[in-house]
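# Observations on the three-dimensional arrangement
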Amino acid sequence: MEAGHKIGSSAHPTSLHPPVRGDASSGTLGRHLARRLVEIGVKDVFSVPGDFNLTLLDHLIAEPELNLVGCCNELNAGYAADGYARAKGVGACVVTFTVGGLSVLNAIAGAYSENLPVICIVGGPNSNDYGTNRILHHTIGLPDFSQELRCFQTITCAQAVVNNLDDAHELLDTAISTALKESKPVYISIGCNLPGIPHPTFARDPVPFFLAPKVSNQLGLEAAVEATANFLNKAVKPVLVGGPKLRVANAKDAFVELADACGYPIAVMPSGKGLVPEHHPHFIGTYWGAVSTSFCGEIVESADAYVFAGPIFNDYSSVGYSLLIKKDKAIIVQPNRVTIGNGPSFGWVFMADFLSALARKLKKNTTAVENYQRIFVPPGMPLKHGNDEPLRVNVLFKHIQDMLSKDSAVIAETGDSWFNCQKLHLPENCGYEFQMQYGSIGWSVGATLGYAQAAKDKRVIACIGDGSFQVTAQDISTMIRCGQKSIIFLINNGGYTIEVEIHDGPYNVIKNWNYTAFVDAIHNGEGKCWTAKVRTEDELIDAIAAATGEKKDSLCFIEVFAHKDDTSKELLEWGSRVSSANSRPPNPQ
C-alpha cells in the first residue's frame, strides 16, 4: 500500500437510510475487522476453521466484499496470503489458537523475510479465561496462553492480543496500519467470545483511516543526490543493479526513470527478478556472481562504479560470499538510506525520491552498455532431439519461455527451478515471484493459490520440483474449488536435486508418487482439472497446446519426467560454492 494512500471504499448501506458514521447501533468487532480488510484491498482471506475462530469467520463471511477461502492446512493458508500479498500489496489469513498459529508460523516468517504485509489473525481464548489458572485445550497444558504470542513476536512487526472490547478498536487499527507502513506481517489474536458483541467504539461503517505519507529529509536527500552524482559522473563505466527491496520501497518506476536518464546498463539481482523491466533496451541480465547470465557478471564486476538499488547480500545471492564487487565502488540504496562507497551514509532518504532526483543530475553514460553489446554472444539453442529421446530440462524451459506474455505470471519453487526460471526472459508486465531469502520448499503451492486468486487477469505458470510438491501438495484441492486456471509443471526428477548439489546423501531420494493420479484423485470429478504425463519433447508440445487451447479454462497439471542429474549448470556451480561456505571449519579463536 503506497504511503499517503487513502484507504477506503464506499460503505454498503443495508437500508435506504444508512446510519451516520459513528452510529454504534450494530457496530461489532467482527464487522469492523471485515470492513477494514476490504478497505485496505483484501478481497480474499485464506483460512482454516477451528473452534476459537468460528464466530469470527461468520462475521467475515457476512461481509459481501470478502471471500473466505478454506485451505487444507494452516501452512498453505499462510503461503497463500504471502502469494496474494505479492499480487495485491497485502494479504490475510485466519487460523485458530496455537495449533493453528504455530502451524502458520513458518509461512509468516517467510513473509517477514520478503517484506510482505500479511495480516495473520488468530481466534483466541475466551476473554474470561485470561489471567485465570484454567488449562485450555489447544495449549501445551499450562495455564499460560502466551506461547503463541511469544513465537510471533520475532517474526511480525506488531502484535495485538484483543481480549477487551474497550481498546480493541485501537489495537486492530494500529496493527493493520503498522503492517502497511512497515510492509511486514502482523499478528492479531481475537478472543473467541468478542466478535459479535456491539460496542460504542465500533461504528457500523468504520471511518477509513489514512496512512501519513513518508517524506524524505529534504536536506539529506539533496546531499545524497549531490554526493552520488559527483561519484557517478566521474566514473568511466558505471552500472545499475536492481534488488529485491525495490518492491517494499515502491521504487520500480523511479528505477526505470533513472535507467532511462543515465544510459547505464541495468542488471537484476536474482531475488529481484520481476522487479526490473527485462524488455528495457539496456537490460543485460541477472547479476549473481559466478552464476550470472552470460556477459552480465563480467560487465558488473569490471565496472568502476555500481548502484545497487534495494539489494540483499546473503550467502545464496552472493554464491557463498564469492561476489567480486568492492564496497568503495558501490552506492547502496536501501528503502530509507543511501550509502556511498565507504561513506558518507544518509538516513531518512527514501529510495523512490532518491532515484528520481538522481535521474535529473546524472550525465548520460552508455560506455558500459556499448562494452556489453561488443562482447555479447546470444546463448546457444538446445539440441534438436530424436522423437523418443527423454526430455531435457533446458528443452522444457525453452517451451515455457514461448508461453510467457503480459497475461502470465511465473512462480518458481525453491530448488533448480530458481536457476531455470531465472534464465527466462520476462516480457513486459509478465509477473514473476519466488522466495529466495527464506527458501522454504513447498512455498510455491500455497503461493500459486494466493497469487492466482489475487491476479485474476494473469494465468499463473508454476514450476515445482517433486520434492517440494510433496510438502504442500494438498492445496491443489483449493485451487480446483476456487476455479483457478493455473498451469503447474511438476518436474519429477526423483528427489531434492538442489540438496544433492550442495551435499548428497540417501536422505535426498524421495518416494516416487504417481503425481497425475494423485491430482486426479483430489479432482474427483468436481471442478475443472486436467493432467498429463510428459516424457518427450513431442509430448510436451502436445500438453502445452492442450493447456493453452481446449483446456485453457481448467487447472492444468503437467508432470514432466527428468533424469535425476539433469540440472542447470548454474546449480552445479552454485551448489559447490554454497557447500564450501556451509562447510567452513571453525576459525581458531
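Predicted model only: the values in this text are computed from it and were never measured.

Let's shift gears to the domain arrangement of the protein chain. Taken domain by domain, the protein chain consists of domain 1 (29–202), domain 2 (218–375) and domain 3 (393–575). When each unit is reduced to the centre of its C-alpha atoms, the spacing between domain 2 and domain 3 is 31 Å. On the side of domain 3, 17 residues touch domain 2, which itself brings 16 residues to the contact. The junction of domain 2 with domain 3 conceals about 1,600 Å² of combined surface from both sides, 62% of it contributed by carbon and sulfur atoms. Of all residues in domain 2, K273, W288 and Y316 bury the most surface against domain 3, accounting for 37% of the area lost on that side. Taken together, the connections running from domain 2 to domain 3 amount to 1 salt bridge. The salt bridge involving E433 is made with R247; its shortest N-O contact spans 2.8 Å. Our count for the contact surface shared by domain 2 and domain 3 stands at 8 residue pairs in polar contact (both at pLDDT 80 or more). The class makeup of the residues in the side of domain 2 that touches domain 3 is 8 nonpolar, 5 polar and 3 charged.

Within the open sheet, the 6 strands sit side by side as β15-β14-β16-β17-β19-β18. Their pairing is parallel. Every other strand in the sheet has two partners, leaving β15 (431–433) and β18 (529–534) as the edge strands with one partner each. Recorded for the sheet is a direction-independent mean angle of 15° between the axes of neighbouring strands. Of the strand pairs in this sheet, strand β14 (residues 408–412) and strand β16 (residues 459–465) are connected by 5 bridges, and their pairing is parallel. Directly across from S408, in β16, lies its bridge partner R459.

Next up on the list: unusual backbone geometry. In this model, G343 is joined to P344 through a cis peptide bond whose omega is 5°. One can find P344 in the loop between β12 (337–340) and β13 (345–347). Positive phi, close to 65°, is recorded for H138, a residue that is not glycine. Residue placement: H138 occurs in the loop between β4 (118–124) and α5 (147–153).

The next point concerns the state of the cysteines. Inspection of every chain in the model, using the stated rule, returns 0 disulfides. You can see C71 has no disulfide; the closest cysteine sulfur is in C72, sitting 7.2 Å from it. C120 provides the cysteine sulfur closest to C157, a residue in no disulfide bond, and the two sulfurs are 12 Å apart.

Take the pairing of β14 next. Within β14, 5 of the 5 residues are buried, which leaves it mostly tucked inside the rest of the structure. Alternating positions in β14 separate into two faces, S408, V410 and A412 on one and A409 and I411 on the other, with burial throughout. Bridge count for β14 against β15 is 3 bridges, and the pairing is parallel. Across the sheet, A409 pairs through a bridge with G431, a residue of β15.

Residues of the protein chain with pLDDT of at least 70 account for 94%, and the chain-wide mean is 90. In the predicted structure, residues 1–24 sits below a pLDDT of 50 and forms 52 contacts with residues beyond four places in sequence or in another chain.

Here, the residues flagged by UniProt with the feature "binding site: Mg(2+)" (unreviewed entry) are D466, N493 and G495. Of the residues examined, D466 reaches a relative accessible area of 1% and is grouped as buried. Secondary-structure assignment places N493 in the loop between β17 (487–492) and α17 (497–502). Not counting chain neighbours up to four residues away, the residues in contact with N493 comprise D466, A562, H563 and K564.

Using the criterion set out here, one finds 14 salt bridges in the structure. A salt bridge links E39 to R36; the nearest nitrogen and oxygen atoms lie 2.6 Å apart. Here the residue E39 and the residue R36 both occupy positions in helix α1 (residues 29–39), the gap between them amounting to 3 residues, near one helical turn. Exposure remark for R36: the relative accessible area of 2% places this residue in the buried category. What you see here is one network of salt bridges that share partners, running through D82, R86, E114, R247 and E433.

On to the packing of aromatic side chains, then. Going through the model one piece at a time under the given rule, you end up with 19 aromatic pairs. For the ring pair F469 and Y515, a centre distance of 5.9 Å and an interplane angle of 65° mean the geometry is edge-to-face. Residue F469 is located in helix α15 (residues 466–472), and its partner Y515 is located in helix α18 (residues 515–523); the two are separated by 46 residues in the primary sequence. The exposure class assigned to F469 is buried, which follows from its relative accessible area of 0%. An angle of 45° between the planes, with centres 5.5 Å apart, marks the rings of F469 and F557 as tilted. Here the residue F469 occupies a position in helix α15, and F557 occupies one in strand β19 (residues 555–561), the gap between them amounting to 88 residues. Accessibility assignment for this pair places F469 and F557 in one class, buried. One aromatic cluster in this structure is built from F469, W513, Y515, F518 and F557. One Lys or Arg, K184, reaches over the ring of Y112 and ends 3.9 Å from the middle of that ring. The lysine or arginine in question, R535, covers the ring of F561, its NZ or CZ lying 4.0 Å from the ring centre.

Moving on: the layout of surface pockets. The volume enclosed by the largest pocket comes to roughly 1,600 Å³. Of all the secondary-structure elements, those providing two or more residues to the lining of the largest pocket are α3 (74–88), α6 (165–182), α8 (252–262), α10 (351–359) and β15. Class assignment for the residues of the lining of the largest pocket results in 26 nonpolar, 10 polar and 14 charged. Of the volumes computed, that of the second largest pocket is approximately 1,300 Å³.

Moving on to the sheet that holds strand β7 (residues 239–242). Pairing is mixed in the open sheet, where 7 strands are placed in the order β9-β8-β7-β10-β11-β12-β13. The open sheet is flanked by β9 (283–286) and β13, the only strands paired with a single partner. Within the sheet, the average angular offset between the axes of one strand and its neighbour, ignoring direction, is 15°. As paired strands, strand β11 (residues 330–334) and β12 are joined by 4 bridges and run antiparallel to one another. Looking at β12, one finds that I331 is bridged to I340.

Reading guide: rules and limits
Residues numbered from 1 in each chain as written. Predicted model: local features only at pLDDT ≥ 70, side-chain atom pairs only at ≥ 80, totals over all residues. Heavy atoms only, no water. Domains from an automatic or database assignment. Contact = heavy atoms within 4.5 Å. Buried area = accessible area lost by both parts, 1.4 Å probe. Salt bridge = Lys/Arg side-chain N within 4 Å of Asp/Glu carboxyl O. Polar contact = N/O pair within 3.5 Å; in protein donor to acceptor, adjacent residues only side chain to side chain. Nonpolar A, V, L, I, M, F, W, Y, C, P; charged D, E, K, R; others polar. Pairing = 2+ DSSP bridges. Helix = DSSP H or I, 4+ residues; strand = E, 2+ residues; numbered from the N terminus. Axes fitted to C-alpha atoms, helices over the stretch in contact; angles between N-to-C directions. Disulfide = S-S within 2.5 Å. Buried < 20%, exposed > 50% of the residue type's maximum accessible area, 1.4 Å probe, protein only. pLDDT = per-residue confidence, 0-100. UniProt positions renumbered as here; feature names shortened; annotations may be inferred. Phe/Tyr/Trp six-rings, centres within 6.5 Å; stacked < 30°, edge-to-face > 60°. Lys NZ or Arg CZ within 6 Å of the ring centre and 35° of its normal. 1 Å grid on protein atoms, 1.4 Å probe; cavity = no way out; pocket = protein on both sides within 12 Å on 5 of 7 lines; lining within 4 Å. Points joined across faces, edges and corners; volume = space filled by probe spheres on them.

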